[in-house]
Structures are given as structure tokens and as C-alpha cells.
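# Observations on the model geometry
Residue-level listing of the chains:
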Amino acid sequence: FLLLFQPTLVLAQQRPLMTERAKTLEQGYVLVDLGVEFLQGATFPFSGLKGDLIRAGAVGMRIGVADTTEIQLLGTIQNVLNIEERYSAPNTSRLQIFGHSTSDVGDFTLATKVRLKNEGPGWPVLAFRFGLQLPNASNENGLGNDETNVFGSVLAQKQFGKLQLMVDLGVAILGNPVVPGSQDDLFTYGAALTYLVHPQINLLIDGMGRMGPGDIGTEEQFSLRLGSRIEAAGLHWDVAAFVGFYESDPSSGLVLGVSRAFKWR
């Protein structure tokens, strides 16, 4: 279906960044990205599982529906965990895992981003993003918490010659899987830098995390990505190394992906 659209490159590429850009996709365009992530030492504290995780088909679709508004659908088609360690956890008794691996669809996110102010002398692009994460991954397979999460954040983006700075500050309201009917409110933060070393090549560094009084399944997290994005053959290709800093983060990994934008109207 997407091949029916005329391909056009636009300046709103997101992969492999975790920090959300403040700029919105141009009206009438759709940006589709597809990636795969190889993460070592991935931990699922609610289920008591730890191992190497493959996120196959990390997909995203972003649609410019108005001059200042973008809607997003983000998620993973299949998560596959090679279990290296199992320990007692709140969800252990509900697990239906037979063997040394488990798999399931990943949680999907529905979000809207609204640009509030364009970039100007001394002013960054400002935007607000809000949405929810659906509990698509089941707790029986050990890869989900069966909780719906809500988030909102303020975004800023500023260009300094070949250098671009992005900042993401917000709040995430996470359903607590251990205490029924309760929630944990965490502060979310992120910052990214991209540098244009060639008209078709960007280098980037990106850090994203959350902090606050979390519980099992809603712990504090922080991870860093260092990589590049290359424009070639009408596509944007990306590769990045991943490093986690908390026990609840994967310890390290590799991220690969490709993006393409289409004019749909």
C-alpha cells in the first residue's frame, strides 16, 4: 500500500533517536520507519526474567494531519527473549513459559504532537506531546505488565549551524502492576545532539530516562545511544550502539533501522 505513494524525503526523521523532536511532520506526509534491536541483559523485574532481547519489527508511523499537528503509532511487532536467568518475582506464578525463550508482541503507543512555536532568533521550536501506551504484551509470556501508561511532555529543538539540540521533559503516569488500582508518577527526561558531518550523514548522541518513586515494573531508567543516520537510495538508514545505566535497563545493544517519507495527499 505504501508503495503507491510518491517517495519524498522530509526533515523530520526520528530514528534512531529516543528523545522526541519538537518539529512536526509536514501536513500531507507520512513517515514510516522499521528497525530491529539486539539488547543484551534485558531485565523484566515484574516477571523475574533476564536475558538477551530481540525487538524484531520496531515500527513507527507518523502522519502530518495539520500544519502543526502530527499523530503517531509506535510499537514492536515481535519481542523474543532468550532467557538466561529466572528469579522469584510478583508475576512468577502467572508465567506460561516452557523452555528457554519467550516471545510476544510489544506494547504499542498512540500519541499526538502539537507544535506550539516555530524556531526564531533566540527561540527554539516548542511542542507538546501526549499519548498512551497500550498493554499489548501479556504478563503470561513475561514480557508485559498488563498496564496502560499515560504520558505528556514539552519538547524543544534548536539549530546551531550544523549542530542540533533536542530536549524532552515530561511526566509519565504508569500503572503499578504490583498494587492493583494504583499508579506511579515519574518525571521523564531526554536530550539529544545531532551533527551534520556531510550532507547525507548525521552523527548523534541521545540520552533518555525516567526518575521518581517507582515500584517493581516502574523502576527508574536511563539509557544512551550513540550512532549515525545516513541518507542513501531515497531512504534514511540508521545504526546506533545502546548502553543502559540502571539494573532495569538492558546493559548494551545494537539498533538498526530504515525510514522513508511519503506524500499521501
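Here, the structure is the one placed above.
Here is a short report on the structure shown in this document. Bear in mind the structure is a predicted one, so any value in this text is a computation, not a measurement.

Criteria and thresholds
Residues numbered from 1 in each chain as written. Predicted model: local features only at pLDDT ≥ 70, side-chain atom pairs only at ≥ 80, totals over all residues. Heavy atoms only, no water. Helix = DSSP H or I, 4+ residues; strand = E, 2+ residues; numbered from the N terminus. Buried < 20%, exposed > 50% of the residue type's maximum accessible area, 1.4 Å probe, protein only. Contact = heavy atoms within 4.5 Å. Areas by Shrake-Rupley, 256 points an atom, 1.4 Å probe, with all protein chains shown as cover. Lys, Arg positive; Asp, Glu negative; His and termini not counted. Charge placed at Lys NZ, Arg CZ, Asp CG, Glu CD. Core = buried A, V, L, I, M, F, W, Y, C linked by side-chain atoms within 4.5 Å. Pairing = 2+ DSSP bridges. Salt bridge = Lys/Arg side-chain N within 4 Å of Asp/Glu carboxyl O.

### Brief notes about the overall build of the protein
The helix and strand tally for the protein stands at 0 helices and 14 strands. Reading the protein from its N terminus to its C terminus gives the helix and strand order β-β-β-β-β-β-β-β-β-β-β-β-β-β. With the C-alpha coordinates aligned to their principal axes, the bounding extent of the protein is approximately 55 × 35 × 35 Å. Within the protein, the proportion of its 265 residues that are buried is 47%. When contacts within the protein are restricted to residue pairs at least 6 apart in sequence, long-range pairs at least 24 apart make up 58% of them. On the protein, roughly 12600 Å² of surface is accessible, and the fraction owed to carbon and sulfur atoms is 63%. Here the protein contributes 20 positive and 26 negative side-chain charges, whose respective centroids are spaced 11 Å apart.

### Quick notes on the side chain of Thr-109
You can see Thr-109 is positioned in strand β6 (residues 109–117). According to the relative accessible area criterion, Thr-109 is buried, its value standing at 12%. Not counting residues within four places of it along the chain, the set of residues in contact with Thr-109 comprises Gln-72, Leu-73, Leu-74, Leu-132, Gln-133 and Phe-151.

### As for the nonpolar core
The biggest cluster of nonpolar side chains holds 11 residues, and these are Leu-39, Ala-42, Phe-44, Leu-49, Leu-53, Leu-81, Ile-83, Leu-95, Ile-97, Leu-143 and Phe-242. Secondary structure elements with two or more residues in this core: β2 (29–44), β3 (49–66) and β4 (69–86). Per-element accounting of this core gives the leading share, 3 residues, to β2. Among residues more than four places away in sequence, those in contact with Leu-81 are Phe-44, Leu-49, Gly-51, Asp-52, Leu-53, His-100, Ser-101, Thr-102 and Leu-143. Within the second largest apolar cluster, 5 residues are counted, among which are Ala-111, Ala-172, Leu-174 and Leu-186.

### Topic: the pairing of strand β12 (residues 221–232)
Where strand β11 (residues 201–211) lies against β12, 10 bridges are found, and the strand directions are antiparallel. Counted as the bridge partner of Gly-207 is Leu-224 from β12. As judged from the 10 bridges shared by β12 and strand β13 (residues 235–244), these two strands associate in the antiparallel manner. Bridged to Arg-225 within β13 is Phe-242.

### Brief notes about unusual backbone geometry
The omega torsion of the bond from Arg-15 to Pro-16 falls at -5°, within 30 degrees of zero and hence cis. A positive phi angle is found at Asp-146, which is not glycine, with a value near 55°.

### Overview of the environment of Leu-110
Along the chain, Leu-110 turns up in strand β6. Leu-110 sits in the partly exposed class, given a relative accessible area of 39%. Counting along the chain gives 21 residues from Leu-110 to Gly-131, while the straight-line C-alpha distance between them is 5.5 Å. Excluding its chain neighbours within four sequence positions, the residues that come into contact with Leu-110 are Gln-72, Leu-73, Phe-130, Gly-131, Leu-132 and Leu-134.

### Overview of the pattern of salt bridges
Scanning the entire structure with this criterion turns up 9 salt bridges. As a salt-bridge pair, Arg-129 and Glu-20 come within 3.7 Å of each other at their nearest N and O atoms. Of this pair, Arg-129 sits in strand β7 (residues 125–133) while Glu-20 sits in the loop between β1 (6–7) and β2; the two residues are 109 residues apart in sequence, bridging distant segments of the chain. Of the two residues examined, Arg-129 and Glu-20, each falls in the buried class.

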